[in-house]
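Take a look at the letters that make up each chain.
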Amino acid sequence: MSRTGFRRTRRTRRTFAALSVCSLALAVSACGGSDDDSASGKTRITVNCMPPKSAKVDRGFFEEDVAAFEKANPDIDVVPHDAFPCQDPKTFDAKLAGGQMEDVFYTYFTDAAHVVDIDQAADLTPYLKELKSYDTLQQQLRDIYTVDGKVYGIPRTGYSMGLIYNKALFEKAGLDPDKPPATWDEVRTAAKKIAGLGGGTVGYADYSAQNQGGWHFTAELYSQGGDVVSADGEKATVNTPQGRAVLQSLHDMRWTDRSMGSKQLLVINDVQQMMGTGKLGMYLAAPDNIPILVKEKGGNYQDLALAPMPGGQATLIGGDGYMFNKKAGPEQIRAGLKWLDHMFLTPGKGFLGDYARAKSTDSPVGLPEPRLFTGAADAEDQKVKKANANVPVENYQPFLDGNQRLELKIEPPNAQQIYSVLDGVVSAVLTKEDADIDQLLKDASGKIDSILARG
């Protein structure tokens, strides 16, 4: 689901509003095509996801990095196109089908299989030797862009869900801030104690509108060892003991313990505001929420900590990467892979990894994610990050340690349509004390089956 800010990972294709796309007149010359060379004889590639002019600092860094790449590779001409968001779901498929997509284009993890299915992605497998970083990237992230043994994209960032909690409120409620809840029963107990502080304090909050409730239901279901759809993607699997456990937990916190507050149908901004102003004990989120809570919502880095998903089974992951236009020629693909190495995939360097540069602009350094690399590359990236950290990294150690034991699971197919169905289930439980959980899950299962049948 949605995140704010240019440099943060986007979770889904359906969240943001539209921005302009390349005009038909520029379809070949500006938005990708089959010509490898510009008039100067250089290999020319168009790329997207350049920060807009309104994001002055990020725009400057991006331009600086492109210039450095072109200086190191004088035979390559990079033509970046700015956009925020990096992908507009309303025009994405049309750009692909109309031949307007850039040579190297941004995608969410949930796009990968779709782009391959509609035959709009170049097969990168023969060219992977051009990407020095490929073998250092986490296997589960590489797998997202691998279809039938062929590689069609390169991951750029990744995130996983966890439990953000307020250490100050934990202390006030008599809870140990260094031992966050590890199970949903422990979440319930902690939420009740925090809500008992009074003064409008809420123990645990959750989303239940704008598809965000369905997204969080999915994350909570994963955490209990369940799944939204079957392994073959053909049947709903929400009407299960795990699905009932998720809803029963929410029902009990909302109606029995009264630890979720009376205001419901919340979305991400509502919950972030509650946490930032010190009125909320816990909610589910990824690490990138923390700087938002501080810079935009009034929070304090020292008070904000992160734990792994309660339940101990799995966590929802998401992220983004780049795919290549099917019309891109061999030299464009080789050039594009070199560009990705330079911009995003060299530990401790580039647009996302130059931590010293980020620190100089007061950007947060030291958050536990994205964690893209493995082995020596990961060690180098973490070393440079730690050396430039300007946030309390010890607050996130439980998250780092706990995530090592969790299964990492991507969002389901047809995610937004499914989330819309599950939104109704979660909102019913949180707004109706007598909601029939079994019937809600049965009805949702049938609707999801219909969505899956339509493809």
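To be clear, the structure that these remarks concern was listed above.
In this report, we go over the structure that sits alongside the text. (Residues numbered from 1 in each chain as written. Predicted model: local features only at pLDDT ≥ 70, side-chain atom pairs only at ≥ 80, totals over all residues. Heavy atoms only, no water.)

Across its full length, the chain holds 17 helices and 12 strands. Relative to its length of 455 residues, the chain is compact, with a C-alpha radius of gyration of 22 Å against a globular reference of 23 Å. Split into buried and exposed, the 455 residues of the chain put 58% on the buried side. Excluding contacts between residues fewer than 6 apart, the proportion of contacts in the chain whose partners are at least 24 apart in sequence is 77%. Accessible surface, the chain: about 18,200 Å² in total, of which carbon and sulfur atoms supply 50%. If you average the places of the 51 positive and of the 59 negative side-chain charges in the chain, the two averages end up 3 Å apart. (Helix = DSSP H or I, 4+ residues; strand = E, 2+ residues; numbered from the N terminus. Rg over C-alpha atoms; globule rule 2.2 N^0.38 Å. Buried < 20%, exposed > 50% of the residue type's maximum accessible area, 1.4 Å probe, protein only. Contact = heavy atoms within 4.5 Å. Areas by Shrake-Rupley, 256 points an atom, 1.4 Å probe, with all protein chains shown as cover. Lys, Arg positive; Asp, Glu negative; His and termini not counted. Charge placed at Lys NZ, Arg CZ, Asp CG, Glu CD.)

Next up on the list: the pairing of strand β2 (residues 76-82). Sheet topology note: the strand β1 (residues 43-50)/β2 ladder contains 6 bridges and is parallel. Directly across from Arg44, in β2, lies its bridge partner Asp77. With helix α1 (residues 56-72) bridging β1 and its parallel neighbour β2, the resulting β-α-β unit is right-handed. (Pairing = 2+ DSSP bridges. Right-handed = clockwise from strand over helix to strand, strands pointing away.)

The next point concerns the pattern of salt bridges. For the coordinates displayed, the defined rule picks out 18 salt bridges. A salt bridge links Arg156 to Asp320, with the shortest nitrogen-to-oxygen separation between them at 3.1 Å. On the criterion of sequence distance, the pair formed by Arg156 in strand β6 (residues 153-160) and Asp320 in strand β11 (residues 314-324) is long-range, its members being 164 residues apart. When its relative accessible area of 0% is taken as the criterion, Asp320 is described as buried. (Salt bridge = Lys/Arg side-chain N within 4 Å of Asp/Glu carboxyl O.)

Moving on to the state of the cysteines. What the rule picks out here adds up to 1 disulfide. The disulfide bridge from Cys49 ends at Cys86, spanning 2.0 Å between sulfur atoms. A torsion of 60° about the S-S bond marks the disulfide between Cys49 and Cys86 as right-handed. Taken together, the residues Cys49 in strand β1 and Cys86 in the loop between β2 and α2 (89-97) connect sequence positions 37 residues apart. (Disulfide = S-S within 2.5 Å.)

Strand order across the open sheet formed by 4 strands is β8-β9-β7-β10, with mixed pairing between neighbours. If you trace the sheet from one side to the other, it starts and ends with β8 (202-204) and β10 (304-308), each paired once. Looking at each pair of strands side by side, their axes are set apart by 25° on average, direction ignored. Sheet analysis places strand β7 (residues 162-166) next to β10, joined by 5 bridges and oriented antiparallel. Along β10, the bridge assignment pairs Leu163 with Ala307. (Axes fitted to C-alpha atoms, helices over the stretch in contact; angles between N-to-C directions.)

Tallied over the full model, the rule gives 13 aromatic pairs. Pairing Trp184 with Tyr204 gives two aromatic rings, centres 6.0 Å apart and planes at 85°, and the pair type is edge-to-face. With Trp184 in helix α6 (residues 184-195) and Tyr204 in strand β8, this pair connects stretches of sequence that are 20 residues apart. As far as burial versus exposure is concerned, Trp184 and Tyr204 are alike and both buried. (Phe/Tyr/Trp six-rings, centres within 6.5 Å; stacked < 30°, edge-to-face > 60°.)

Next up on the list: helix α16 (residues 415-431). Helical geometry: 3.6 residues make up each α-helical turn, so side chains three or four residues apart lie on a common side. Along its 17 residues, α16 runs 24 Å from first to last C-alpha, staying within 8% of the 24 Å computed at 1.5 Å per residue. Among the 17 residues of α16, 13 are classified as buried, and the element is accordingly described as predominantly covered. (Expected span 1.5 Å × (residues − 1).)

For the peptide bond that leads from Glu369 to Pro370, omega is 5°, which places it in the cis range. Following the sequence through the fold, Pro370 ends up in the loop between α13 (355-360) and α14 (375-387). The backbone phi angle of Asp148 is positive, close to 50°, even though this residue is not glycine. Relative to the helices and strands, Asp148 resides in the loop between β4 (146-147) and β5 (150-151). The class for Asp148 is exposed, based on a relative accessible area of 78%. You will see that Gln210, though not glycine, has its phi angle at about 55°, which is positive. Residue position: Gln210 is located in the loop between β8 and α7 (212-223).

Here the focus is the environment of Gln302. Looking at the element boundaries, Gln302 is found in the loop between α10 (289-295) and β10. Taking the C-alpha atoms as reference, Gln302 lies 7.7 Å from Asn395; in sequence the two are 93 residues apart. In this view, Gln302 contacts Lys167, Pro392 and Asn395; residues no more than four positions away in its chain are not counted.

Time to look at a negative patch on the surface. Taken together, the side chains of Glu433, Asp434, Asp436 and Asp443 make up a negatively charged region of the molecular surface. Along the chain, the position of Asp436 falls in the loop between α16 and α17 (437-454). Judged by relative accessible area, which is 45%, Asp436 ranks as partly exposed. (Patch = residues over 30% accessible without salt bridge, like charges linked within 9 Å, V, L, I, M, F, W, Y side chains within 5 Å.)

Right, let's talk about the packing of α1 against helix α11 (residues 330-343) for a bit. When two helices pack together, you describe them by how their axes are tilted relative to each other and by the distance separating the axes. One way to put it is that α1 packs onto α11 with a least axis distance of 10 Å and a crossing angle of 125°. Looking at the two axes, α1 sits oblique to α11. Between α1 and α11 lies a crossing whose hand is right-handed. When α1 is examined against α11, the residues Phe62, Asp65, Val66, Ala68 and Phe69 are found in contact with a partner set consisting of Ala335, Lys338, Trp339, His342 and Met343. Partitioned by chemical class, the residues of the contact of α1 with α11 number 7 nonpolar, 1 polar and 2 charged. (Parallel < 35°, antiparallel > 145°, perpendicular 65-115°, else oblique. Left-handed = near helix turned anticlockwise from the far one by under 90°. Nonpolar A, V, L, I, M, F, W, Y, C, P; charged D, E, K, R; others polar.)

With that settled, consider the nonpolar core. One finds Tyr204, Phe217, Leu250, Met282, Tyr283 and Ile448 to be the most contacted residues of the largest nonpolar core, which totals 75 residues. Of the residues forming this core, the biggest block, 9 residues, is contributed by α16. In terms of nonpolar packing, the next biggest core, distinct from the first, is built from 53 residues, Leu124, Leu128, Ala335 and Leu337 among them. (Core = buried A, V, L, I, M, F, W, Y, C linked by side-chain atoms within 4.5 Å.)

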